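Architecture at a glance
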Amino acid sequence: MRGCLGVVLLVALAGTSACDDDLSRTTGTVTDLRPGTICFTPEDPEQTDLLGCFPISDADSARLHVDDCIELRIPNYLDAANAKTPVKSVRVLSRTCRKP
């Protein structure tokens, strides 16, 4: 019975590693919008890896403007499998973002 418990625990741990660990949730300012691309500066100056331009869906892009303060989730683009994955959970905030 002890062996079965270890297998169940291992499966449970493996399942939890697939949650949103590959997404970085952040807030910041839209600096540029082009078809299929958003350029973004995070509020947190420590998040230098999230500064740049990323794929975005047409539906999300249509709701945004340059200088909007937004919250979004950015996939881990260091993983080649995410190279064309658009940002997710884009939400315009009703406040001005802090400038880094």
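Our subject is the structure that appears above.
Below or above, wherever it landed, is the structure these notes cover. It should be emphasised that the depicted structure is a prediction, and the values quoted were computed from it without experimental measurement.

On to the nonpolar core, then. Core analysis: the largest hydrophobic core is formed by twelve residues, namely V30, I38, F40, L50, F54, I56, L64, I70, L72, I74, V87 and V90. Where this core is concerned, the elements lending two or more residues are β2 (37-42) and β4 (69-75). Among the elements that make up this core, the one with the highest residue count is β4 (three residues). In this structure, I74 is in contact with D22, L23, S24, T26, F40, L50, F54 and V87, ignoring residues within four places of it in sequence.

Aromatic ring pairs are defined here through the distance separating the ring centres and the angle between the ring planes. Taken as a whole and assessed by the stated rule, the structure comprises one aromatic pair. The interplanar angle of 20° and the centroid separation of 5.5 Å between the aromatic rings of F54 and Y77 together place this pair among those described as stacked. Placement of the pair is F54 in strand β3 (residues 52-55) and Y77 in the loop between β4 and β5 (88-92), with a sequence separation of 23 residues. The class of Y77 is partly exposed, set by a relative accessible area of 23%.

About the criteria used
- Residues numbered from 1 in each chain as written.
- Predicted model: local features only at pLDDT ≥ 70, side-chain atom pairs only at ≥ 80, totals over all residues.
- Heavy atoms only, no water.
- Core = buried A, V, L, I, M, F, W, Y, C linked by side-chain atoms within 4.5 Å.
- Buried < 20%, exposed > 50% of the residue type's maximum accessible area, 1.4 Å probe, protein only.
- Helix = DSSP H or I, 4+ residues; strand = E, 2+ residues; numbered from the N terminus.
- Contact = heavy atoms within 4.5 Å.
- Phe/Tyr/Trp six-rings, centres within 6.5 Å; stacked < 30°, edge-to-face > 60°.

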